[in-house]
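Each chain, written out:
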Amino acid sequence: MTLVNPPAPAPTAPSSAPKQPLLHDALVTLTAPTHVWAAPDGSIGSSPVQGYWTGDQRIVSAIRTTVAGTDVEHIATARRDGAHTRSTALLRGLDAPGADPDTRLDHDRSTRTDGIDEQYSVTTRQTGSADVTLTIRITTDATGMDAIKSGAVPTGAQPDSTATGATWRSDLTTVTLTAPGAVITIDAADVVLTWTDTTTAGRPAVFRYTVTSVTDDTVVEGVTAARPWTTPSGVADHRLQAWLEQASTDLDNLRMRLAGGQDEFLAAGAPWFFTLFGRDSIWAARFLLPVTTELAASTLRVLASLQGTKVNPVTAEQPGKIMHEIRSESLAIDNDELTLSPLYYGTIDATPLWICLLHDAWRAGMPEEEVRALVPALERALAWMRDYGDSDGDGFLEYVDESGHGLANQGWKDSGDSVQWHDGSLADGPIALCEVQAYAYEAAVHGADILDALDRDGGDAWRGWAATLQTKFRDQFWLADSISAYPAIALDVHKRPVDTVTSNIGHLVGTGLLSADEERTIADRLVAPDMTSGFGLRTLSTTAGGFWPLSYHGGSVWTHDTAIAIAGLTRAGLIDQARTLAEGLLRAAVTFDYRMPELHSGVDATDVIAPVPYPAACRPQAWSAASAFPVWVALR
């Protein structure tokens, strides 16, 4: 073991580049692939991310509502479920004299797989009748997700009026707006809807419009069938029951399938990742195994249908490899510095995780005939670990971007600065991540179990491969600092252990890679003050030179990352530590109204009464929502 004590990193200069839009206070309504981002009062246009979206394409960028003769004063917003929200405003300019409000405007927004329904209802208690004129100005848009994420200026569309509304084209999407009873005018990129109706104490004035979108050559689409699981009920802790219910609703609204296909998967998250991601979809399905194997089975089949068949450095495809993400078009990242192909395979962990999910689903009750049908894909995935995942033949799985424009880091922490030395400097690749070795070990052993059970050859060879990996890991990854021993986050290009203490070590527990004593050492380290914020597990120890509580992968808390550690600790019988982390996530869930974001700040709970949001975090996020289920298992 090596004792580490490095210097602090030098400060970096501030950036003047365009900024990614913030999401932390946005109101989102969604039914995949439709998602609407709005201000807390339901209005649209005050933030760059706001608008109507279908998948990666925004079709409306602003909506302005006016009622003749009065201000519209917002007082409340309620979320009935993920696909329905209601905002309530006062129309005091239409009131009679007195302190009590007499007239209100209720705005109901609902999403469908193919569009949005909007309803505005003006209700009054006044005697007699009053005419109400409502005007809604809708700014059409044709801006792609990657441009909006990078802070680019929106690209307006050119709408055309129809007999009942308007239509416009947004890249590959045709949008149709229908507004019964409205007077419709076109003003540049705006569609202006105006209604006049009469309201009385017994009859509200109701105004409606509908937006429907149809996208050419889409690769993924929404699902309308009932979800394949039931939310646990009767949970004694009302906080946990509320989180499970919200999580189930959000996961239901994230269900998708490949265009023209039948098998479902969970889209990674809104707004940036509204599609199939190998790693994310696998972990979300794995978390849900206590309540359904159907989603795991369908996710496995979808990913197997896209399994790599050839070597292509541009897309990072290799025979047997499980893909990273799929989109209709290439995706530019970081102002075009990186460009990912529409079907991109740049992930080191999705392939062993696919094997782990297959095994766990089989053990949880996935029908044997469905498992047997996937054995050829299993054998190809195992072979990938040996033949391609271990690119230099040293016994470890490592990654490097061969294309020059793909992801530099290809584990779950895929930002450019996620693998750093204790002093904050970056490690050079190829990189062999610690958790990927654990996934590979587990995949080899459990893949062998499936092969044996279904009378296929190769089980003993894969157990031998795993045993060699286990020995080499113990020899090369373990370090120590002034707190305790711990595994390095990774080996760098020179096979040196990268000496930061990270949440990655939590992924090792329960995989079989470690001894019981090693698991206890890690368990105690995970709940030590440098790693646990009180609202979950920090991605990086506070002792590291690069620690910053609002760093994407360098000090923040990721819900799913903590949940993976919780699940592993539970499997290993380390219940006290599992519950400590589970209680931290549960405290955080309350403050986020039970819709857990992708990540939040690693500021300590002793310093704040609620976790500080990470302002660009996606929500809902599939693996963050699904994290409620390993927390439920740990706290039962």
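First, a word on what this report is: a plain description of the structure on this page.

What counts, and where the lines are drawn
- Per chain, the residues get numbers from 1 upward, laid out in the order the sequence is written.
- For a predicted model such as this one, the threshold for reporting local features is a pLDDT of at least 70, and the threshold for listing and counting side-chain atom pairs is 80 or more; totals across whole chains, interfaces and linings nevertheless cover every residue.
- The basis for every side-chain value is the complete set of non-hydrogen atoms in the structure, without hydrogens or water.
- The numbering of helices and of strands both runs from the N terminus, where a helix is a DSSP run of H or I of at least 4 residues and a strand a run of E of at least 2.
- C-alpha atoms define the radius of gyration in this analysis, and the globule rule sets the expected value at 2.2 Å times the number of residues to the power 0.38.
- We call two residues contacting when some pair of their heavy atoms lies within 4.5 Å.
- Method for areas: the Shrake-Rupley scheme with a 1.4 Å probe, in which residue coverage is limited to the protein chains shown.
- His is not counted here, nor are the chain ends, while Lys and Arg score as positive and Asp and Glu score as negative.
- To locate a charge, take atom NZ for lysine, CZ for arginine, CG for aspartate or CD for glutamate.
- A side-chain nitrogen of Lys or Arg and a carboxyl oxygen of Asp or Glu constitute a salt bridge if their distance falls within 4 Å.
- Here the term buried applies to any residue with accessible area under 20% of the maximum for its type, exposed to any over 50%, and partly exposed to those in between, with areas from a 1.4 Å probe on protein chains only.
- Aromatic contacts are taken between Phe, Tyr and Trp rings whose centres are within 6.5 Å, Trp giving its six-membered ring; a plane angle under 30 degrees counts as stacked, one over 60 as edge-to-face, and the others as tilted.
- In this analysis, strands are considered paired if DSSP registers two or more bridges between them.
- Here, axes are lines fitted to C-alpha atoms. For helices the fit covers the stretch in contact, and angles between N-to-C directions go from 0 to 180 degrees.
- An expected span of 1.5 Å times one less than the residue number is assigned to each helix.
- Oblique is the label for any angle not covered by the other classes, which are roughly parallel (under 35 degrees), roughly antiparallel (over 145) and roughly perpendicular (65 to 115).
- Left-handed describes a crossing in which the near helix is turned anticlockwise from the far one by less than a right angle; the clockwise case is right-handed.
- Put simply, Ala, Val, Leu, Ile, Met, Phe, Trp, Tyr, Cys and Pro go in the nonpolar bin, Asp, Glu, Lys and Arg in the charged bin, and everything else, Gly too, in the polar bin.
- Among buried residues, those of type Ala, Val, Leu, Ile, Met, Phe, Trp, Tyr and Cys that are joined through side-chain atoms within 4.5 Å constitute a nonpolar core.

1. Quick notes on the overall build of the protein
Regarding its fold elements, the protein presents 14 helices and 29 strands. A globule of 636 residues ought to have a C-alpha radius of gyration of about 26 Å, and the protein, at 26 Å, matches this closely. In terms of overall dimensions, the protein has a C-alpha envelope of 85 × 55 × 50 Å along the principal axes. The contacts of the protein with a sequence gap of at least 6 include a subset with a gap of at least 24, amounting to 66%. Roughly 23400 Å² of accessible area belongs to the protein as shown, and the carbon and sulfur atoms make up 51% of that amount. Distance between charge centres in the protein, computed from 46 positive and 79 negative side chains, equals 4 Å.

2. With respect to the pattern of salt bridges
Inspection of the entire model under this criterion finds 45 salt bridges. A salt bridge links Asp56 to Arg327, with the shortest nitrogen-to-oxygen separation between them at 2.8 Å. Of the two residues, Asp56 sits in the loop between β3 (51-54) and β4 (57-67) while Arg327 sits in the loop between β19 (325-326) and β20 (331-333), which places them 271 residues apart along the sequence. Of the charged contacts in the structure, one is a salt bridge between Arg257 and Glu221, with a shortest N-O distance of 2.9 Å. Taken together, the residues Arg257 in strand β17 (residues 255-258) and Glu221 in strand β16 (residues 220-222) connect sequence positions 36 residues apart. Accessibility expressed as a relative area gives 24% for Arg257, which makes it partly exposed. The network of salt bridges with common partners includes Arg64, Arg137, Asp187 and Asp190.

3. Brief notes about the environment of Ala268
Along the chain, Ala268 falls in the loop between β18 (264-266) and α3 (278-287). When the C-alpha positions of Ala268 and Thr502 are compared, they lie 23 Å apart, and in sequence the two are 234 residues distant. Setting aside anything within four residues of it in sequence, one finds Ala268 in contact with Phe273, Thr275, Phe277, Asp280, Gln621 and Ala622.

4. A few points about the packing of aromatic side chains
Pairs of aromatic rings are described using the distance from one ring centre to the other and the angle between the two planes. Taken as a whole and assessed by the stated rule, the structure comprises twelve aromatic pairs. Here Trp195 and Phe207 contribute two aromatic rings whose centre-to-centre distance is 5.8 Å and whose plane-to-plane angle is 45 degrees, an arrangement assigned as tilted. Note that Trp195 is positioned in strand β14 (residues 190-200) and Phe207 in strand β15 (residues 205-215), a separation of twelve residues in sequence. Residue classification places Trp195 among the buried residues on the basis of a relative accessible area of 4%. Between Trp283 and Tyr439 the ring centres are 6.1 Å apart and the planes differ by 65 degrees, which places this aromatic pair in the edge-to-face class. Taken as a pair, Trp283 in helix α3 and Tyr439 in helix α8 (residues 434-453) lie far apart in primary sequence, 156 residues in all. Using a relative accessible area of 7% as the deciding quantity, one classes Trp283 as buried.

5. Quick notes on the sheet that holds β18
Pairing is antiparallel across the open sheet formed by three strands, whose spatial order is β16-β17-β18. Only two strands of the sheet have a single partner each, and these edge strands are β16 and β18. For this sheet, the mean inter-axis angle between neighbouring strands, taken without regard to orientation, is 45 degrees. Where β17 and β18 come together, three bridges link them in antiparallel fashion. In the sheet register, Met256 faces β18, and the bridge partner there is Phe265. Of the strands in this sheet, β17 and β18 touch helix α4 (residues 294-305), which is tilted by about 95 degrees from β18.

6. What to know about helix α12 (residues 575-591)
For an α-helix the count is 3.6 residues per turn, leaving residues at separations of three or four pointing the same way. Taking 1.5 Å of rise per residue, the 17 residues of α12 would be expected to cover 24 Å, and the 25 Å separating its terminal C-alpha atoms lies within 8% of that figure. Regarding α12, the residues found buried are Gln577, Ala578, Leu581, Ala582, Gly584, Leu585, Leu586, Ala588 and Ala589. Asp593 sits one or two residues past α12 and shows a positive phi near 55 degrees.

7. Considering the sheet that holds strand β23 (residues 432-433)
Judged by pairing direction, the sheet is antiparallel, and its three strands sit side by side in the order β23-β26-β27 without closing on themselves. Among the strands making up the open sheet, the edge pair consists of β23 and β27 (497-498). Judged from the two bridges that link them, β23 and strand β26 (residues 490-491) form a sheet pairing that is antiparallel. Across the sheet, residue Leu433 finds its bridge partner in β26, namely Ala490.

8. Quick notes on the pairing of β17
Of the strand pairs in this sheet, β16 and β17 are connected by three bridges, and their pairing is antiparallel. From the neighbouring strand, Gly222 faces β17, where its bridge partner is Met256. As consecutive antiparallel partners, β17 and β18 are separated by five residues, and within that stretch Gly260 has a phi angle of approximately 80 degrees, a positive value.

9. Some remarks on the pairing of strand β12 (residues 173-178)
Side chains Thr173, Val175 and Leu177 of β12 all project onto a buried face; the interleaved residues Thr174, Thr176 and Thr178 project onto a face where none is buried. Remark: two residues form the turn of the hairpin made by strand β11 (residues 165-170) and β12, two consecutive strands paired antiparallel; Asp171 in that turn has positive phi of roughly 55 degrees. Across six bridges, the pairing between β12 and β15 is antiparallel. Across the sheet, the residue bridging to Thr178 is Thr210, located in β15.

10. Description of unusual backbone geometry
For the bond from Ala32 to Pro33, the omega torsion is 5 degrees, close enough to zero to count as cis. Checked against the element boundaries, Pro33 lands in the loop between β1 (27-31) and β2 (34-38). One non-glycine residue, Ala188, lies in positive phi territory at about 55 degrees. Within the fold, Ala188 resides in the loop between β13 (183-187) and β14. A positive phi angle, near 70 degrees, is found at Tyr594, a position not held by glycine. With respect to the helices and strands, the residue Tyr594 is situated in the loop between α12 and β29 (599-600).

11. Here we look at α3
Most of α3 sits inside the fold, with ten of its ten residues counted as buried. By the burial criterion, the buried members of α3 are Gly278, Arg279, Asp280, Ser281, Ile282, Trp283, Ala284, Ala285, Arg286 and Phe287.

12. Considering the packing of helix α5 (residues 350-364) against helix α7 (residues 375-389)
Taken N-terminus to C-terminus, the directions of α5 and α7 make an angle of 140 degrees; their axes are 9 Å apart at the nearest point. When the axes of α5 and α7 are compared, the pair comes out oblique. Classified by chirality, the crossing of α7 by α5 is left-handed. Here α5 contributes Thr351, Pro352, Trp354, Ile355 and Leu358 to the contact with α7, which in turn contributes Ala377, Leu378, Ala381, Leu382, Trp384 and Met385. Across the contact of α5 with α7, the residue classes tally to ten nonpolar, one polar and no charged.

13. Considering the nonpolar core
Grouped together as the largest cluster of nonpolar side chains are 155 residues, with contacts concentrated most on Trp243, Trp354 and Met385. For this core, the element with the highest residue contribution is α8, accounting for eleven residues. If we skip the residues at most four places from it in the chain, Met385 touches Pro352, Ile355, Asp390, Leu397, Ala440, Ala443, Ala444, Trp462 and Trp465.

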